Structures are given as C-alpha cells and as structure tokens.
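Breakdown of the fold
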Amino acid sequence: MATDVFTVAERIAHSLKRHDVTDIFAQSLPSAVILAAEAIGIRQVAYRQENMGGTMADGYARLSGKIGVVAAQNGPAATLLVPPLAEALKASVPIVALVQDVERDQADRNAFQELDHLALFQSCTKWVRKVIVAERIDDYIDAAFTAAASGRPGPVALLLPADLLREQTAPSPFRRQAALGDWPLDRLRPRDSDIERAASMIAAAHAPVIIAGGGVHASRAAGELSALQNEASLPVVTTNMGKGAVDEYHPLSAGVLGALVGPRSLGRHTVALVEEADLVILVGTRTNQNGTDSWRQIPRSASVIHVDVDPAEIGRTYEAVRLAGDAAETIRALRRELSGHDLSYRASKRDQLIERIAGFWCAFDAERQSVARSDASPIRPERIMFELQQLMTADTTVVADASYSSMWVAGQLRALSPGMRFLLPRGLAGLGWGLPLALGAKAAEPDKPVVAIVGDGGFAHSWAELETMVRSSLPILIIVLNNGILGFQRDAETAKFGRFTTACSFADVDHQKIAEACGCPAVRIFDPTDLPRYLERGLSGEGPLLIEVMTEPGAHPPLSLFAAMDQAA
Ligand SMILES: Cc1ncc(C[n+]2csc(CCOP(=O)(O)OP(=O)(O)O)c2C)c(N)n1
Ligand SMILES: [Mg+2]
C-alpha cells in the first residue's frame, strides 16, 4: 500500500492513522480529508460549531494523552477556531487544526471565503504552515504533530488548499513510519549539576513547599510528584490547573491555593505554607495571576526552584534555580539524587506538618459547614459540590466552565488520587468551554464518567452541542448552575464600582426544556435533597442527563477580590 499513488487527502488520512488518530472533530470539511478518514475507520465527531469542535479536541487531548485533531473550512469557519486554539496555547494543550484553504491558483484574488489564515493563526498557535507541494504532505503532517507535542505543547494549524487535496501523489521518498500522536513527544531533563544543586536545597530547607501546576498533568508526572512529596515530606499546594496533581486526601496535600483565599476558603489557612516558606518549588506552572493571587504569595526572602518544560517561564517573575525539562523526568532525577541525601531533617518535621495541614482542612470544613450542608432553596453551590464529592470516584473526570463553576470545583471538591483529572479552561478562562471540553473528554475515555459543571451564562454559549452529545453517543452528566445572572460579572462590578450594568441579569430560561428538545433527559431541581439520586443517575453512565439546579444568586466563591466585601458582611 505504501507505494500506491493516493490523493493528498488520502495520504493525510493514512498519516493520521499512523499517528494513532482515532477521532477527528469536524463538520465534513475539508470534505476530501474527512471522506478519506472515515473510509479507513477514523471516527468523525461532528460538532455543530467550529469553536466548540476545537474545544472538544482540547478536552480530548487533555484527558487522552493523545494530540487532539480538529478540522474546518476556510474563512468564517477558520476564524471560529481562534478561541479554542488560543485557550490551548495558553493552557499548553497540543491540537492539530487541519484547515482548508482556497485553491492555489485562486489565491490572493478574493476567492470565496478567502482569508489570510497564516496571519489569522499566527497569534493563537505555536506553528502554522500552508502546504503547497503535494509530495511534501507527509513531511508537513509529521511536522505539525511534532510541533504540537514537542517542547511546550500547544496548538498548530496546517493549511490545505482544496485543489491540493485532490491531487494524486506518491508517498514521501523519505521514511515516514513514526507514530507521533502521543504527547509529550520528548522528555528532556536538566543537567546533573542543576539537579544536584536543587536536591541539596530541598534537603537543607527548613520550610519548603511545592506549588504544582497544570504541567504536572501534561507530563503525566503525578506519580513522580507524589513519590517526591512522600519521600522528602514536602507539603504540596496546587494551582487551579494543577488540581489533582496530588491526592488531596494525602496528609501532606493542602489543596488548591491561587486566588481562593477569602472567608470560608481552605486557602486562607494554607497560604501560610507559602508565605512562611524558605524554599518554594514550582512545578509546571507559568506563575500566572490566578495561580499566585496576583503574585502576592511567594515571599521575596524565599529561594525558588522552578521545574518547567518551557525555559522562558522560568524566571519570568520569580528568579529561580532553573530546572528546564519535563516534569516527570526532572522529578525522577531529583528523587534519585535525594536518595543519596540525608533527609532526616525533613522527616523530623513531618508529623508536625501533617498535624498543621490536617488543622487547615478541619477549620475549612467547619467554616463551610453552613453552606456545604445548607438545606436552603435556591440551592447553595457548595451543597452541590458536597453531594458530588460523596459520589465521584478517582475515575470521574470533572469538567467546569469558566467563572464560578471553575472556582466551586477547584475550591470545594477534593481530589481522590494523584492524577485525578479536573479539566478547567484556565488558559484564558473563557465562557462556553465546559460542555465541549467534557464531550472531548468523554470521546477520549468513553468508559469513564464525565461531569460538566456550567453556569447558565457560559452554558448559553454551547447549548447547540447538546445535540452533538446525543447524536454522537457521548453520555455525560451536565449540571447547570442556574442563578439567573452573570454571577462573577455582577459581583466583580459590584466590588470594583459598587454597581453593575443591565447585562448581568437574564430572563428566565428553562434549561430542562432545552435539553429535552435535543433528546437529552433533564430535571430541574429546587430542593437539595433531590441532588443525590439525580447525581447518581447521571454518573451511572446509562445515558446523558442534565440537572438544572436553581442556585442561590448571592453565592460566590471565596476569591480574594471579594474578601473585603465578605469580611464587612
Ligand atoms: C467568552 C467570555 N466572555 C466574557 C467573559 C467575562 N465573564 C467572566 S465570568 C462572566 C459571568 C459568567 O456567568 P455564568 O456563566 O452564569 O456563571 P456564574 O458566574 O453566574 O456562576 C463573564 C461575563 C469571559 N470570561 N469569557
Ligand atoms: Mg450564572
């Protein structure tokens, strides 16, 4: 078969298969490619709207460890890929976008739906190329996968002129047999002298703390991180993106920190671990505003070690011992080095540290009792999280939309194992990502339960994909937090200006009916005691279910932005 002459579209399909691509998120375009892909058994998950399709590819990539592939038409369809690719760029998720372009001899004369795609994708991908020569197609497909999955993973775009796809061509004269569909592609590690220096600092530190970010998940480094946590008796907090990097029931785990430090938060207690640290070990984090509560937490006096696959992230804000490399490889090397060090000082601190962290969790649980166990109607979101916690397992993938949904998940749920996945669109925190991220996650791991928690505002960006969910047999549980408002928007305006604009309140929307109209069973609940049985049904995997929960519009997560307001209340 390798010597046969195929069309470029068919060659693309075969290359995708070689890279173990089993699913493409698409809407029939570029038609030649999708027809060729379906003909050889690659599944098309047909989205309703490109920006949702790109996000499905994102959720798929985050969960599966494989590169997500999305395809789209030129022009307006291509422009709709910008938001999901931008999120993936900021969140370091590898996606290959296959985008049709106008026929080569029609370029630059206002052909139908012609747009400068190179310029369009420049800002939201790490690599964009247009294929001009048919015989080079295998080179370009492999280059696209390599660019997406190597170094700091991210999205790429490959532009495919429509006439090129129909052209017949022989296979590449160079050997092209590698499967490049998994990420990360390379696992580089720092030089020994840097590992030795970092290990000595860890062994000698009086009050070290690890801040683990999303890079731990990207590198599949949760096992290594947990081993380091245990062996060196290191307390671990995570960023929002890093949630689940360690088991949050481990006695040395102190949950998510970031900006969740207001009243009734865990972070208001655990922040002391960072503020009092003499050594902060950053792992796989871009030290962004939300991850650091506006860069307020790490004291100037602390030494910093930063493990990151992107050398440019190290030292961006915090000068650090540079451990540029893959998180799993680097931690493994650190552990090996530490095994030759005397860790008795660290061990001597362990019990005291465990007791202190247990005290934080205990205080947090006592403080949130009034909301997490509240019987009130409208329902407190903390109560929903409390009930979900009782029913989820380490296999459950929890997905949230931007806004408060992300914060309820990050701050109220507790990860049950190292590597448990919580998919949060924290690259850019855009509304509407929750449902499509969850559908991508379900396509990646059909046998695992997926729950998507979305606000009513964000969900409105993505309702149409309910039909995709039903048609494509991707049964997930969707929890719509219907507070009738753009909650964060209203509260942020109130905190900053003392008033808010007329956009913040919605007319009543019946999400149960919307779901049912698309063939998805749904309930609308007002009483928190109804939560357990519906959550159980939704997580059972029997079929999709949408639970519209009428939630308390006055509830907001304990973000530092609101702390002054809350303290005064
Ligand atoms: C695409 C996009 N548009 C606007 C915003 C600004 N924004 C952040 S949160 C928010 C309100 C979200 O309301 P909803 O989804 O109902 O969640 P709630 O806060 O009420 O739980 C808005 C408008 C955004 N993050 N993303
Ligand atoms: Mg809302």
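Rules used in this analysis
Residues numbered from 1 in each chain as written. Chains lettered and ligands numbered in written order. Predicted model: local features only at pLDDT ≥ 70, side-chain atom pairs only at ≥ 80, totals over all residues. Helix = DSSP H or I, 4+ residues; strand = E, 2+ residues; numbered from the N terminus. Rg over C-alpha atoms; globule rule 2.2 N^0.38 Å. Buried ≥ 20, exposed ≤ 12 C-beta atoms within 10 Å, placed from the backbone. Contact = placed C-beta atoms within 7 Å. Core = buried A, V, L, I, M, F, W, Y, C linked by C-beta atoms within 7 Å. Near = placed C-beta within 6 Å. Nonpolar A, V, L, I, M, F, W, Y, C, P; charged D, E, K, R; others polar. Pairing = 2+ DSSP bridges. Domains from an automatic or database assignment. UniProt positions renumbered as here; feature names shortened; annotations may be inferred. Axes fitted to C-alpha atoms, helices over the stretch in contact; angles between N-to-C directions. Parallel < 35°, antiparallel > 145°, perpendicular 65-115°, else oblique. Left-handed = near helix turned anticlockwise from the far one by under 90°.

1. Description of the overall build of the chain
- Within the chain one finds 23 helices and 20 strands.
- The C-alpha atoms of the chain give a radius of gyration of 24 Å, which matches the 25 Å a tight globule of 569 residues would have.
- Projected onto the principal axes, the alpha-carbon positions of the chain cover approximately 70 × 60 × 45 Å.
- Taken over 569 residues, the chain has a buried fraction of 55%.
- Residue pairs in contact within the chain that sit at least 24 positions apart in sequence constitute 77% of those at least 6 positions apart.

2. Details of helix H17 (residues 434–444)
- Summarising burial for H17: 11 of the 11 residues are buried, a large majority.
- Along H17, the positions that sit buried rather than exposed are Gly434, Leu435, Pro436, Leu437, Ala438, Leu439, Gly440, Ala441, Lys442, Ala443 and Ala444.

3. What to know about the nonpolar core
- Ranked by size, the top nonpolar core spans 173 residues in total, and within it Val33, Val69, Ile95, Val96, Ala97 and Leu158 carry the most contacts.
- Among the elements that make up this core, the one with the highest residue count is helix H7 (residues 137–149) (eight residues).

4. Overview of the site of ligand 1
- In the vicinity of ligand 1 lie 18 residues, with Tyr404, Gly455, Gly457, Gly458 and Gly487 positioned nearest.
- Along the lines of polarity and charge, the residues of the shell around ligand 1 split into eight nonpolar, nine polar and one charged.

5. A short note on the sheet that holds strand S17 (residues 450–455)
- Read across the open sheet, the six strands follow the order S16-S15-S17-S18-S20-S19; overall the sheet is parallel. Unpaired on one side and paired on the other, strand S16 (422–423) and strand S19 (522–525) mark the two borders of the sheet.

6. Structural notes on the domain arrangement of the chain
- When the domains of the chain are assigned, the result is domain 1 (6–169), domain 2 (192–361) and domain 3 (368–568).
- Relative to domain 3, the C-alpha centre of domain 1 lies at a distance of 31 Å.
- Every contact between the two is made by 23 residues of domain 1 and, on the other side, 25 residues of domain 3.
- Of all the secondary structure elements, the ones that give two or more residues to the side of domain 1 that touches domain 3 are strand S3 (43–46), helix H3 (50–64) and helix H5 (82–91).
- The biggest single contributor to the side of domain 1 that touches domain 3 is H3, with 10 residues.
- When its residues are assigned to classes, the side of domain 1 that touches domain 3 shows 12 nonpolar, five polar and six charged.

7. Brief notes about the UniProt feature "domain: Thiamine pyrophosphate enzyme central" (unreviewed entry) in the chain
- Under the UniProt annotation, the feature "domain: Thiamine pyrophosphate enzyme central" (unreviewed entry) is placed at residues 195–334.
- Helix makes up 29% of residues 195–334 and strand makes up 19%, while its end C-alpha atoms are separated by 6 Å.

8. Thoughts on helix H1 (residues 8–18)
- Buried residues dominate H1, accounting for nine of its 11 residues.
- If you check which residues of H1 are buried, you get Val8, Ala9, Glu10, Arg11, Ile12, Ala13, His14, Ser15 and Leu16.
- Residues of H1 that are buried sit in contact with strand S1 (6–7), helix H2 (31–39), strand S4 (68–72), H7, helix H8 (162–166) and strand S8 (168–169).
- Phi turns positive one or two residues past the end of H1, at aspartate 20, with a value near 65°.

9. A word on the packing of H3 against H17
- Contact geometry of H3 with H17 gives a least axis separation of 6 Å together with a crossing angle of 50°. Between H3 and H17, the angle is such that the two are oblique. Judged by the twist between their axes, the crossing of H3 over H17 is right-handed. Of the residues in H17, those in contact with Met52, Thr55, Met56, Ala57, Asp58, Gly59, Tyr60, Leu63 and Ser64 of H3 are Pro436, Leu437, Ala438, Leu439, Gly440, Ala441, Ala443 and Ala444.
- Looking at the contact of H3 with H17 residue by residue, the class counts come to 12 nonpolar, four polar and one charged.

10. Quick look at the UniProt feature "domain: Thiamine pyrophosphate enzyme TPP-binding" (unreviewed entry) in the chain
- Under the feature "domain: Thiamine pyrophosphate enzyme TPP-binding" (unreviewed entry), the UniProt entry names residues 402–549.
- This span, residues 402–549, is 39% helix and 16% strand, and a straight line between its end C-alpha atoms measures 17 Å.

11. Topic: unusual backbone geometry
- Here leucine 29 and proline 30 are connected by a cis peptide whose omega angle stands at -5°.
- Note that proline 30 resides in the loop between strand S2 (23–26) and H2.
- In this structure, the amide linkage connecting serine 377 to the following residue, proline 378, adopts the cis form with an omega of -5°.
- Examined against the element boundaries, proline 378 turns out to sit in the loop between helix H14 (344–372) and helix H15 (381–391).
- Positive phi, normally seen in glycine, also occurs at serine 28, with a value near 75°.
- By the secondary structure assignment, serine 28 is in the loop between S2 and H2.
- Although it is not a glycine, serine 233 adopts a positive phi angle of roughly 50°.
- Topologically, serine 233 is positioned in the loop between helix H11 (222–231) and strand S10 (236–238).

12. Observations concerning the pairing of strand S13 (residues 303–308)
- Counting buried positions along S13 yields five of six residues, so the element is predominantly enclosed.
- One ladder, built from four bridges, connects S13 with strand S14 (residues 321–324); its direction is parallel. The partner of isoleucine 305 across the bridge, within S14, is valine 321.

13. Regarding the sheet that holds S13
- Judged by pairing direction, the sheet is parallel, and its six strands sit side by side in the order S11-S10-S9-S12-S13-S14 without closing on themselves. What marks the edges here is a single partner per strand, and that holds for strand S11 (253–256) and S14. For this sheet the average axis-to-axis angle between neighbouring strands, irrespective of direction, equals 15°.
- Bridge count between strand S12 (residues 279–283) and S13: five bridges; the pairing is parallel.

14. Here's the deal with the environment of alanine 88
- Along the chain, alanine 88 falls in helix H5.
- Note on alanine 88: 32 C-beta atoms within 10 Å, which makes it buried.
- A sequence separation of 338 residues divides alanine 88 from arginine 426, and the C-alpha atoms of the two residues are 9.6 Å apart.
- Setting aside anything within four residues of it in sequence, one finds alanine 88 in contact with Asp58, Val93, Ile95, Gly154, Pro155 and Gly427.

15. A word on the environment of serine 303
- You can see serine 303 is positioned in strand S13.
- Residue serine 303 is classed as partly exposed on the basis of its C-beta count, with 17 C-beta atoms lying within 10 Å.
- In this structure, serine 303 is in contact with Met201, Asp278 and Leu279, ignoring residues within four places of it in sequence.

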